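Here is what each chain is made of, one letter per residue.
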Amino acid sequence: MRNDLNALLEGLHNRDARSIARAISLVENDHEAAEVILTSLDQQNVRSSQVLGITGSPGVGKSTLTSSLVRHLRSQGKRVGIVAVDPSSSITGGALLGDRVRMMGHALDSDVVVRSMATRGRLGGLCAAAGAAVRIMAASGCSPVIIETVGVGQSEMDIIRLADLTLMVLAPGLGDEIQAMKAGILEVADLLVVNKTDCVGAETLSMDLEAALRGRKNACQSRVFKTVATTGQGIDELAIAIDELDAICRSSGEHDRRRHSSLELEIVDWAVELLKPRLLAELQETAYPAEPRQTARKLLARLCPLMIDT
Amino acid sequence: MHNNDSPFRVLIGKPGLDGHDRGAKFIARALRDDGFEVIYTGIRRTPEEIVAAAIQEDVAAIGLSSLSGAHLRLFPAVVEALRKAGVNDIAVLGGGVIPEEDIRQLKEAGIAEVFTPGTPLEVILEAFRNACRQHREIHQP
Ligand SMILES: Nc1nc2c(ncn2[C@@H]2O[C@H](COP(=O)(O)OP(=O)(O)OP(=O)(O)O)[C@@H](O)[C@H]2O)c(=O)[nH]1
Ligand SMILES: [Mg+2]
């Protein structure tokens, strides 16, 4: 095991595809090697990399757009990471992860690192796992690292907070634009993209969104980007806007603020993950009162003596 | 400490030129419904693309589907691509319209299990579970 771990760390250092993949699995499964792996990462790379979130309803073209964007980024010589998160079935725990179907054009490119990740019904823990995958990729020289996630559900929205910048993708004909505005989803988006502009309804959707965005503070954030992900139309312009906004955020201090709050999110998520098995074990061993809130408080008081407000 | 309950991960790929992915999708869904995390790569993939994806996704097994009759060439090509990549812990399983007389040849070429349209679903699922358990044993001594 020791030797395996050393070989793995060596492999990570050399950007070896298997080592990167293996490291992500070990951390995702909370293997005991997780801490050594994560602390050995090149923190300089982790800090400097750009983390992009791409979110939106099912089928709007997130994966196709990602693939298109990757083509553009590769032409600039950038090494890119992609963490594609899809929901697990809450009943069986299984998941069908199909985002790769749209990205196979890059399959033989060793500088496009793709990882599919299932939510595994984690209430928390998802940010911890996805955040670790992002770090591992960033440490191996990937910048940007793109997180693709379906914009439904709280845990998915939480993952987006790991990103430095978030693209919200919409498409005509899905009827979710009103929904998006109501749910305040526009607020979490830094850049709005209307994809499938080759389809009917795209123009109306774009105009509605532009109206909703009026009054936003900077130019790229009050624009609606129009793309056809399948052909690459509009991608160059989008990529330029991403870099512009990234530069603005870095110089204004917004970037650091976001990194700081995503770090907090990850720490809390890990703490809860690490605590969970201990709580369950403790519950098995001792008889506690049946009232759940009171029990929770007593449990915590036992496990964390510093929590004195019992 | 290692969470042994973590789901098994497998990849379902469809090498070759025929565009019929009903079989591949059926198996992918059946595996998902059995609790697997299934990475699906879509149709018309080269053996090299399938292997590169399997490595990045750190799966325990690759399931291949072929209805074109090219299985004698395509399935062993995936085994070969794995070998070239220095991978010896990912099992390759294959299914499709495969004549009885080809099965032995495929197994000799390193395909762990071969399924035909008559193979009961439970047998297929168990073969994937087995491959994943073996993979887990190698990685958690
Ligand atoms: N006409 C048209 N079709 C597109 C465009 N972009 C994507 N599509 C198609 O839309 C479908 C869904 O695309 P995906 O990229 O898989 O969408 P997604 O948002 O990643 O989907 P999920 O991951 O399942 O939520 C595919 O059939 C794509 O080919 C576009 O710009 N125009
Ligand atoms: Mg997708």
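About the thresholds
Residues numbered from 1 in each chain as written. Chains lettered and ligands numbered in written order. Predicted model: local features only at pLDDT ≥ 70, side-chain atom pairs only at ≥ 80, totals over all residues. Heavy atoms only, no water. Domains from an automatic or database assignment. Contact = heavy atoms within 4.5 Å. Buried area = accessible area lost by both parts, 1.4 Å probe. Salt bridge = Lys/Arg side-chain N within 4 Å of Asp/Glu carboxyl O. Helix = DSSP H or I, 4+ residues; strand = E, 2+ residues; numbered from the N terminus. Expected span 1.5 Å × (residues − 1). Buried < 20%, exposed > 50% of the residue type's maximum accessible area, 1.4 Å probe, protein only. Donors = N, O, S within 2.8 Å, 3.2 Å for Na, K, Ca; no water. Polar contact = N/O pair within 3.5 Å; in protein donor to acceptor, adjacent residues only side chain to side chain. Nonpolar A, V, L, I, M, F, W, Y, C, P; charged D, E, K, R; others polar. Near = heavy atom within 4 Å. Areas by Shrake-Rupley, 256 points an atom, 1.4 Å probe, with all protein chains shown as cover.

1. Description of the domain arrangement of chain A
A common way to express how large an interface is: the accessible area buried when the components associate.
Residues and elements named next belong to chain A.
Working step 1: On domain assignment, one finds that chain A holds domain 1 (1-40), domain 2 (42-252) and domain 3 (253-310).
Working step 2: Placing the centre of domain 1 and that of domain 2 at their C-alpha centroids yields a distance of 26 Å.
Working step 3: Across the boundary between the two partners, domain 1 contributes 14 residues, which contact 16 residues of domain 2.
Working step 4: Both faces combined, the contact of domain 1 with domain 2 buries some 1,200 Å², and carbon together with sulfur accounts for 58% of it.
Working step 5: Considering only the side of domain 1, the residues that lose the most area to domain 2 are Arg15, Ile24 and Glu28, jointly responsible for 53% of the buried surface there.
Working step 6: The interface formed by domain 1 and domain 2 includes 1 salt bridge.
Working step 7: Glu28 is paired through a salt bridge with Arg120; the nearest N and O atoms lie 3.6 Å apart.

2. With respect to helix α5 (residues 121-139) of chain B
Working step 1: Compared with the 27 Å implied by 1.5 Å per residue over 19 residues, the 28 Å span of α5(B) between its first and last C-alpha is a close match.
Working step 2: Of all the positions in α5(B), only Ile124(B), Leu125(B), Ala127(B), Phe128(B), Arg129(B), Ala131(B), Cys132(B), His135(B) and Arg136(B) are classed as buried.

3. Some points on the coordination of the magnesium ion (ligand 2)
All names here are of chain A.
Working step 1: The coordination sphere of the magnesium ion (ligand 2), as far as protein atoms go, consists of Ser63 (OG), Asp99 (OD) and Glu148 (OE), spread over 2.1 to 2.3 Å.
Working step 2: When the donor residues of the magnesium ion (ligand 2) are listed from N- to C-terminus, their spacing reads S-x35-D-x48-E. One end of the pair, Asp99, is in the loop between β3 (95-97) and β4 (112-118); the other, Glu148, is in strand β5 (residues 145-150), with 49 residues separating them in the sequence. A single burial state applies to Asp99 and to Glu148, both of which are buried.

4. A short note on the interface of chain B and chain A
Working step 1: At the junction of the two partners, chain B supplies 33 residues and chain A supplies 31 residues.
Working step 2: In total, about 2,900 Å² of surface goes out of reach between chain B and chain A, with carbon and sulfur atoms giving 54% of it.
Working step 3: Remark: the boundary between chain B and chain A carries 4 salt bridges.
Working step 4: Between Asp89(B) and Arg18(A) there is a salt bridge whose closest N-O contact spans 2.8 Å.
Working step 5: Linking chain B with chain A are 17 residue pairs in polar contact (both at pLDDT 80 or more).
Working step 6: Listing elements by their share of the side of chain B that touches chain A, those giving two or more residues are α1 (22-33), β2 (37-40), α2 (47-56) and α5 of chain B.
Working step 7: Broken down by element, the residue count for the side of chain B that touches chain A peaks at 6 residues, all from α2(B).
Working step 8: Its residues assigned to classes, the side of chain B that touches chain A comprises 12 nonpolar, 10 polar and 11 charged.

5. A look at the site of ligand 1
Residue and element names in this part refer to chain A.
Working step 1: Surrounding ligand 1, one finds 18 residues, the nearest of these being Lys62, Ser63, Thr64, Asp99 and Ala229.
Working step 2: Glu148 is positioned with one of its side-chain polar atoms (N or O) 3.2 Å from an oxygen atom of ligand 1.
Working step 3: Residue Ala229 places a main-chain N or O atom 2.9 Å away from an oxygen atom belonging to ligand 1.
Working step 4: Taking 650 Å² as the accessible area of ligand 1 by itself, protein coverage stands at 75%.
Working step 5: Only α5 (62-75) and β5 provide two or more residues apiece to the shell around ligand 1.
Working step 6: The element contributing the most residues to the shell around ligand 1 is α5, with 3 residues.
Working step 7: Partitioned by chemical class, the residues of the shell around ligand 1 number 6 nonpolar, 6 polar and 6 charged.

6. Some details on the pattern of salt bridges
Working step 1: For the coordinates displayed, the defined rule picks out 29 salt bridges over all chains.
Working step 2: The partner of Asp58(B) in a salt bridge is Arg22(A), and the shortest N-O contact between them spans 2.7 Å. Highlighted residues: Asp58(B) in the loop between α2 and β3 (61-66) and Arg22(A) in helix α2 (residues 17-28), drawn from two different chains. Note on accessibility: Asp58(B) and Arg22(A) belong to one class, buried.
Working step 3: The partner of Asp111(A) in a salt bridge is Arg79(A), and the shortest N-O contact between them spans 2.9 Å. A residue pair is termed long-range when its members are at least 10 positions apart, and Asp111(A) in the loop between β3 and β4 and Arg79(A) in the loop between α5 and β2 (80-86) qualify at 32 residues.
Working step 4: On the basis of relative accessible area, Asp111(A) is assigned to the partly exposed category, the value being 26%.
Working step 5: Because the salt bridges share partners, they merge into one network encompassing Glu28(A), Arg100(A), Arg120(A), Arg9(B), Glu37(B) and Glu57(B).

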